[in-house]
Structures are given as structure tokens and as C-alpha cells.
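Take a look at the letters that make up each chain.
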Amino acid sequence: VQLQACGGGLVQAGGFLRLSCAASGRTFSSYVMGWYRQAPGKQRGLVATITSHGNPNYADSVKGRFTISRDSAENTVYLHMNDLKPEDTAVYYCNVVNLNTNLSYWGKGTLVTVSS
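Residues numbered from 1 in each chain as written. Predicted model: local features only at pLDDT ≥ 70, side-chain atom pairs only at ≥ 80, totals over all residues. Heavy atoms only, no water.

Trainee: In this structure, what is going on with the overall build of the protein chain? I would like to understand it.
Mentor: If you tally the helices and strands in the protein chain, you get zero helices and eleven strands. In the protein chain, the succession of α and β elements from N to C terminus is β-β-β-β-β-β-β-β-β-β-β. In terms of overall size, the protein chain behaves like a compact globule, its C-alpha atoms giving a radius of gyration of 13 Å where 116 residues would be expected to give roughly 13 Å. Counting contacts in the protein chain only where the partners sit at least 6 residues apart, residues at least 24 apart contribute 53% of the total. For the protein chain, the exposed area adds up to about 6300 Å²; of that, 48% sits on carbon and sulfur atoms. (Helix = DSSP H or I, 4+ residues; strand = E, 2+ residues; numbered from the N terminus. Rg over C-alpha atoms; globule rule 2.2 N^0.38 Å. Contact = heavy atoms within 4.5 Å. Areas by Shrake-Rupley, 256 points an atom, 1.4 Å probe, with all protein chains shown as cover.)

See below:
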């Protein structure tokens with residue numbers, strides 16, 4: 001499995017970014033796809049996940065601001081981030097989990113920096 005994430009960058013508070021992650025090497029119909037993030041000095045934590053049926057799950061800190069979506073035909077997961085805050089600054093990692101085997105795969109991460 002290969003995960004190629006892109007879309008990070010520097011944005012001012014209140015701005016928006018869209019992350020995308022293209023997955024390859026498998027058929028991902030049995031996978032949950034999602035995003036996690038790790039800020040400096042903190043542990044990696046959930047941002048949002050989405051099932052193959054399109055059911056999303058969000059961390060409380062991003063509810064109402066971030067939207068996760070999935071293009072199953074393209075094996076791509078997106079994270080639309082609106083109203084960004086400095087505390088959203090982190091390296092964002094794409095993740096896929098096989099629901100049948102619990103095998104988890106990670107992308108390399110893309111840096112999002114939100115300036116105040």
C-alpha cells in the first residue's frame with residue numbers, strides 16, 4: 001500500500017486548505033480512510049476518518065470546520081479545512097485501515113502551518 005498526501009502549506013488564521021491523499025496497491029473497499037495529525041511536542045491524534053460507505057467521524061476540535069470526503073473510484077481521501085486556527089498547525093498524516101485484518105498504513109505526512 002502506498003499513500004501519497006499533498007496539499008499542506010502556510011495559511012493565515014481563518015483561511016482554508018484542502019489535503020488529499022491518493023492510495024494505491026490495494027482495493028480499498030474494506031478500508032477506513034482518514035487523517036491524523038501531530039503537533040510539535042504532542043502525540044499523533046485523530047482528525048477525521050471516513051468509511052467506505054461515506055460515514056465520517058471527527059475529532060471534537062475540528063467539528064464544524066473540517067470536512068472529510070472520499071472518492072472511492074480514485075481511492076482518494078480529502079480533508080477540507082476551513083476557519084483554520086494556529087492550534088491546527090501540525091504534520092497531517094493520511095491513514096488507511098483494513099477492517100478485516102486491522103492492518104494500518106500511514107503516509108509520510110504533510111505540514112500545515114497556520115499563522116496568527
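Trainee: In this structure, what is going on with the sheet that holds strand β3 (residues 17-24)? I would like to understand it.
Mentor: What links the strands of a sheet is backbone hydrogen bonding, and the strands pair in either a parallel or an antiparallel sense. In space, the four strands of this open sheet follow the order β1-β3-β8-β7, with antiparallel pairing throughout. The outermost strands of the open sheet, each flanked by one partner alone, are β1 (2-6) and β7 (66-71). Recorded for the sheet is a direction-independent mean angle of 15 degrees between the axes of neighbouring strands. Note: β3 against strand β8 (residues 76-81), six bridges, orientation antiparallel. Residue pairing in the sheet places Cys 21 in a bridge with Val 77 of β8. (Pairing = 2+ DSSP bridges. Axes fitted to C-alpha atoms, helices over the stretch in contact; angles between N-to-C directions.)

Trainee: It is not clear to me how the pattern of salt bridges should be interpreted in this structure. Could you clarify?
Mentor: Charged atoms that come close allow side chains of opposite charge to pair. Tallying each qualifying case throughout the model produces three salt bridges. Linking Asp 60 and Lys 63 is a salt bridge whose minimum nitrogen-to-oxygen distance equals 3.1 Å. With respect to class, Asp 60 is no different from Lys 63; both count as exposed. Residue Asp 88 pairs with Arg 65 through a salt bridge whose shortest N-O separation is 2.7 Å. (Salt bridge = Lys/Arg side-chain N within 4 Å of Asp/Glu carboxyl O. Buried < 20%, exposed > 50% of the residue type's maximum accessible area, 1.4 Å probe, protein only.)

Trainee: Just to check I follow, could you spell out the side chain of Thr 49 for this structure?
Mentor: Among the structural elements, Thr 49 can be located in strand β5 (residues 45-50). Ignoring sequence-local partners within four residues, the contact set of Thr 49 consists of Val 32, Met 33, Gly 34, Tyr 36, Asn 55, Pro 56, Asn 57 and Ile 68.

Trainee: How do you make sense of the pairing of β5 when you look at a structure like this?
Mentor: Regular strands place their side chains on alternate faces of the sheet. Bridge analysis of strand β4 (residues 31-38) against β5 gives five bridges, and the strand direction is antiparallel. Note that in β5 the partner of Trp 35 across the bridge is Ala 48. As consecutive antiparallel partners, β4 and β5 are separated by six residues, and within that stretch Gly 41 has a phi angle of approximately 80 degrees, a positive value. Relative to strand β6 (residues 56-58), β5 is paired through three bridges, and the arrangement is antiparallel. Each bridged residue has a counterpart across the sheet, and for Thr 49 the counterpart in β6 is Asn 57.

Trainee: Hey, could you run me through the packing of aromatic side chains in this one?
Mentor: Here a ring pair, both rings aromatic, is described through the centre-centre distance and the interplanar angle of the planes. Under the criterion given, the structure shown has three aromatic pairs. Aromatic side chains Tyr 36 and Trp 106 sit 5.1 Å apart centroid to centroid with 70 degrees between the ring planes, which places their arrangement in the edge-to-face category. Here Tyr 36, found in strand β4, pairs with Trp 106, found in strand β10 (residues 104-106); they are 70 residues apart in sequence, far enough to count as distant. According to the relative accessible area criterion, Trp 106 is partly exposed, its value standing at 41%. Members of the aromatic cluster, connected to one another through ring pairs, are Tyr 36, Tyr 93 and Trp 106. (Phe/Tyr/Trp six-rings, centres within 6.5 Å; stacked < 30°, edge-to-face > 60°.)

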